[in-house]
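Structural description and commentary
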Amino acid sequence: MKILVTGGTGYIGSHTVVELQKEGFEVVIVDNLSNSQAWIADAIADISGKKPHFEQFDLADQKLTADFFRRHSDLMGVIHFAAFKAVGESVDNPLMYYRNNLVSLMNILEGMQQNVIPNLVFSSSCTVYGQPDELPVSEKAPIKKAESPYGNTKQISEEIIQDTIKSSEIHATALRYFNPIGAHESASIGELPLGVPNNLVPFITQTAIGLRKQLSVFGEDYNTPDGTAIRDYIHVVDLAQAHVVAIKRMINQQMKQRFEIFNLGTGNGYSVLEVIQSFEKVSGLKLNYKIVGRRPGDVEQVWANPEWSNNELGWKAKRNLDEMTASAWKWEQYYRNKQ
Ligand code: UD1
């Protein structure tokens, strides 16, 4: 049972490869290493005992991608993570985002069509909901106009997939992630942001370890209990396990429709200050932070209604916020000590 994991040396991809291998899948990784490193394939092998087959090339290259799929026409499915994901960067360089995220998806779909590879799991995002009118947000909530080119690539990708599968044998599942944080319990793999982190938890751990002077908390005037923005943080290992459940559902032909969508969140919303408090509790450290103005484009609050995923997919996030922040901190320390 061979599965292609694009972006398999990246943050969510690497954790998913480990969980797939644990369940007996043979994994092929394709990654251009634009935001990850080749040693991660070895770190995966340290955890699972199995080195995944790894090919380094750019999936936006049509010829290389077509050639790859011809050589791997026995794939049972594709889990497609490889994409750019920095919201601010996408505002500054929209064409780079549209080209990378959309062209690679189209090349993959073409390769799947031509070689009759039946199952695609796509990394989507809660960003497609914008600021939802109702909380918690379910998969039935309307898609709001995207706040950024990055968000738009997720919306357009879902549409490209839906249109393509109508005229092919491909089945697809879009998984809409809330805010993945944390790291594998071994601390052998975790999040490795390039340069200054955009996301909250890597910024917290890098501040605590002394790489950054101070965390800026973006806004304390939101209409939330403590005034800071609320998100549904989910442990990356819980998220990774959802991909295994999703691909098995597809392979076992348990889908109710040829295109399915699932929210991957815990159903709990936490504020920025609550995440900081959790980090301080598990690390025993005092974090240097200050409140600053809001970050443009941020929504006030969003958390998942995970009922459909829990009941229909048969998956539920198990790890709590303290386990998430503790594992992120352990990873930061292990990784910096290795340097
Ligand atoms: C957003 C998108 C998500 C996307 C991700 C990619 C939404 C709801 N979510 O996540 O789909 O995959 O970007 O990067 O649109 N914060 C600080 N200080 C910091 C960093 C963050 O206070 O230095 C705050 C933010 O204002 C936000 C929270 O922490 O309230 C989480 O931010 P972040 O980790 O960047 O994720 P999102 O912006 O929610």
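The rules behind the values
- Residues numbered from 1 in each chain as written.
- Predicted model: local features only at pLDDT ≥ 70, side-chain atom pairs only at ≥ 80, totals over all residues.
- Heavy atoms only, no water.
- Buried < 20%, exposed > 50% of the residue type's maximum accessible area, 1.4 Å probe, protein only.
- Helix = DSSP H or I, 4+ residues; strand = E, 2+ residues; numbered from the N terminus.
- Pairing = 2+ DSSP bridges.
- Near = heavy atom within 4 Å.
- Polar contact = N/O pair within 3.5 Å; in protein donor to acceptor, adjacent residues only side chain to side chain.
- Areas by Shrake-Rupley, 256 points an atom, 1.4 Å probe, with all protein chains shown as cover.
- Nonpolar A, V, L, I, M, F, W, Y, C, P; charged D, E, K, R; others polar.
- Domains from an automatic or database assignment.
- Phe/Tyr/Trp six-rings, centres within 6.5 Å; stacked < 30°, edge-to-face > 60°.
- Lys NZ or Arg CZ within 6 Å of the ring centre and 35° of its normal.
- Contact = heavy atoms within 4.5 Å.
- Axes fitted to C-alpha atoms, helices over the stretch in contact; angles between N-to-C directions.
- Buried area = accessible area lost by both parts, 1.4 Å probe.
- Parallel < 35°, antiparallel > 145°, perpendicular 65-115°, else oblique.
- Left-handed = near helix turned anticlockwise from the far one by under 90°.

**Details of the pairing of strand β8 (residues 215-218)**
Burial of β8 is one-sided: the residues L215 and V217 facing one way are buried, the residues S216 and F218 facing the other way are not. One ladder, built from 4 bridges, connects β8 with strand β13 (residues 289-292); its direction is parallel. Across the sheet, residue F218 finds its bridge partner in β13, namely V292.

**Considering the site of the ligand**
Among the 22 residues in the neighbourhood of the ligand, the closest are listed as S125, S216, R231, R295 and D298. Measuring from an oxygen atom of the ligand, one finds a side-chain N or O atom of N199 at 3.0 Å. A total of 740 Å² of accessible area belongs to the ligand in isolation, and the protein chains cover 91% of it. Tallying contributions element by element places β8 first for the shell around the ligand, with 4 residues. Looking at side-chain class alone, the shell around the ligand contains 12 nonpolar, 6 polar and 4 charged residues. Residue contributions to the shell around the ligand reach at least three from each of two domains, namely domain 1 (2-181 + 234-264) and domain 2 (200-230 + 267-338).

**Here's the deal with the packing of aromatic side chains**
Taken as a whole, this structure holds 8 aromatic pairs when the rule is applied. Ring geometry for F57 against F68: centres 5.8 Å apart, planes inclined by 45 degrees, an arrangement best described as tilted. Placement of F57 in the loop between β3 (53-55) and α3 (62-71) and of F68 in helix α3 is noted, with a sequence separation of 11 residues between them. For the residue pair F57 and F68, the accessibility class agrees, reading buried in each case. Centroid distance F68 to F69: 5.4 Å. Interplanar angle 90 degrees. Geometry classified as edge-to-face. In textbook terms, an aromatic cluster arises when at least three aromatic residues are bridged by ring pairs, as seen for W39, W331 and Y335. For R294, the ring lying beneath its charged end belongs to Y222, and the centroid distance is 4.0 Å.

**Considering helix α2 (residues 39-48)**
The complete set of buried residues in α2 reads I40, A41, A43, I44 and A45. Contacts made by the buried residues of α2 are with α1 (11-22) and β2 (26-30). G49 lies just past α2 and shows a positive phi near 80 degrees.

**Topic: helix α7 (residues 200-208)**
With 8 of its 9 residues buried, α7 lies for the most part within the structure. The set of residues buried in α7 consists of L200, V201, P202, F203, I204, T205, Q206 and T207. Check the buried side of α7 and you find it contacts β7 (179-181), β8, β10 (233-235), α9 (272-283) and α11 (321-338). Positioned one or two residues after α7, G210 has a phi angle of 100 degrees, which is positive.

**Things to note about unusual backbone geometry**
Cis geometry marks the peptide bond from L135 to P136, where omega comes out at -5 degrees. Structurally, P136 is set in the loop between β5 (119-125) and α6 (149-166). The backbone of L33 sits at a positive phi, close to 60 degrees, despite the residue not being glycine. Phi angles above zero are rare outside glycine, and A187 is one such case at about 60 degrees. Along the chain, A187 falls in the loop between β7 and α7. Since its relative accessible area comes to 3%, A187 is described here as buried.

**Section: the sheet that holds strand β11 (residues 259-264)**
If you walk across this open sheet you meet the 7 strands as β3-β2-β1-β4-β5-β6-β11, and the pairing is parallel. The outermost strands of the open sheet, each flanked by one partner alone, are β3 and β11. Pairs of neighbouring strands in the sheet enclose a mean axial angle of 20 degrees, with direction left out of account.

**Some details on the domain arrangement of the protein**
We note that the domain assignment places domain 1 (2-181 + 234-264) and domain 2 (200-230 + 267-338) within the protein. Distance between the C-alpha centres of domain 1 and domain 2: 24 Å. Counting from both sides, the interface comprises 27 residues of domain 1 and, opposite them, 24 residues of domain 2. For the pair domain 1 and domain 2, the two sides together bury roughly 2,400 Å², of which 64% comes from carbon and sulfur.

**Looking at the packing of helix α5 (residues 94-115) against α6**
As a packed pair, α5 and α6 sit with axes 10 Å apart at the nearest point and diverge in direction by 20 degrees. Here α6 runs roughly parallel to α5, going by the angle between their axes. In this structure, the crossing between α5 and α6 has a hand that is right-handed. Every residue of α6 that contacts α5 at P94, Y97, Y98, N101, L102, L105, M106, L109 and Q113 is listed here: P149, Y150, N152, T153, I156, S157, I160, I161 and T164. In terms of residue class, the contact of α5 with α6 is built from 12 nonpolar, 6 polar and no charged.

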